[in-house]
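# Understanding the architecture of this molecule
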Amino acid sequence: QKEVEQDPGPLSVPEGAIVSLNCTYSNSAFQYFMWYRQYSRKGPELLMYTYSSGNKEDGRFTAQVDKSSKYISLFIRDSQPSDSATYLCAMGGEKTGGGADGLTFGKGTHLIIQP
Amino acid sequence: NAGVMQNPRHLVRRRGQEARLRCSPMKGHSHVYWYRQLPEEGLKFMVYLQKENIIDESGMPKERFSAEFPKEGPSILRIQQVVRGDSAAYFCASSPGQGGYTFGSGTRLTVV
């Protein structure tokens, strides 16, 4: 079993729809969780950072973490064509418990928002 | 603040040559990380450095790869005697020690 599982997609939805992206993980020692957006041939861009179970909202983005189920989600409301990108989940903290460990990434979900 | 700066953006090397990738972290960030991204693969952690120290190199291949972050100047990822399988995008990230990591735009290495 891979440490972090993420459906590669592609996931295609119409403009304005709510998008749900998910990752599952196997290592219960992960302490913090992130979502990155990566456009083609660019570096990953941090969208959300959470350090505990629960919800965190930032504009059109909501991140959910359920440590008991080892499941994290990213919701995008009112999706726009400019949201079309690859979304990567990432997690860390399993080595030291602190905030500076190297991250373990999912493979990414390719999202397409149709105009 | 110029963000995390990586150069070169693109690097072509013949098999057997050396590749040197450079990364300057964001101002105020003392933690530097290198990741490799192969086609259709996610980002894989390679090494974590602070100034003059390698903190975690558990993701580094045992041979031909090395990294440093000197007291002065950028962090360097060095690949000796490159092979075709080393062709990938190499990303550097920096952090202040807590919170999110900021990534650079990457160096795309092609071995011919």
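Residues numbered from 1 in each chain as written. Chains lettered and ligands numbered in written order. Predicted model: local features only at pLDDT ≥ 70, side-chain atom pairs only at ≥ 80, totals over all residues. Heavy atoms only, no water.

### Brief notes about the packing of aromatic side chains
- Scanning the entire structure with this criterion turns up twelve aromatic pairs over all chains.
- A centroid spacing of 5.3 Å and a plane angle of 85 degrees characterise the contact between Y36 of chain A and F103 of chain B, whose relative ring orientation is edge-to-face. Of this pair, Y36 of chain A sits in strand β4 (residues 32-38) while F103 of chain B sits in strand β10 (residues 102-103), which puts the two residues in different chains. F103 of chain B matches Y36 of chain A in its accessibility class, with the two residues each being buried.
- Aromatic pair Y33 of chain B and Y48 of chain B: ring centres 4.6 Å apart, planes at 15 degrees, arrangement stacked. In this pair, Y33 of chain B sits in strand β4 (residues 31-37) while Y48 of chain B sits in strand β5 (residues 43-50), placing the two residues 15 residues apart along the sequence.
- Site record: aromatic cluster; members linked through ring pairs are Y36 and F105 of chain A together with Y35, F45 and F103 of chain B. (Phe/Tyr/Trp six-rings, centres within 6.5 Å; stacked < 30°, edge-to-face > 60°. Helix = DSSP H or I, 4+ residues; strand = E, 2+ residues; numbered from the N terminus. Buried < 20%, exposed > 50% of the residue type's maximum accessible area, 1.4 Å probe, protein only.)

### Considerations on the interface of chain A and chain B
- On the side of chain B, 24 residues touch chain A, which itself brings 21 residues to the contact.
- Both sides together, the interface formed by chain A and chain B hides about 1700 Å², and carbon and sulfur atoms give 49% of it.
- Taken together, the connections running from chain A to chain B amount to zero salt bridges.
- Our count for the contact surface shared by chain A and chain B stands at six residue pairs in polar contact (both at pLDDT 80 or more).
- A total of four residues in the side of chain A that touches chain B trace back to one element, the largest contributor, which is β4 of chain A.
- Each residue belonging to the side of chain A that touches chain B can be placed in one class, and the counts come to ten nonpolar, six polar and five charged. (Contact = heavy atoms within 4.5 Å. Buried area = accessible area lost by both parts, 1.4 Å probe. Salt bridge = Lys/Arg side-chain N within 4 Å of Asp/Glu carboxyl O. Polar contact = N/O pair within 3.5 Å; in protein donor to acceptor, adjacent residues only side chain to side chain. Nonpolar A, V, L, I, M, F, W, Y, C, P; charged D, E, K, R; others polar.)

### Quick word on the pattern of salt bridges
All names here are of chain B.
- Enumeration over the complete set of coordinates arrives at six salt bridges over all chains.
- The salt bridge involving R64 is made with D86; its shortest N-O contact spans 2.7 Å. Taken together, the residues R64 in the loop between β6 (53-56) and β7 (65-68) and D86 in the loop between β8 (75-79) and β9 (88-95) connect sequence positions 22 residues apart.
- In this structure R64 comes out as partly exposed when scored by relative accessible area, which is 26%.
- A relative accessible area of 2% means that D86 is categorised as buried.
- One network of salt bridges, in which partners are shared, links E18, R20 and R78.

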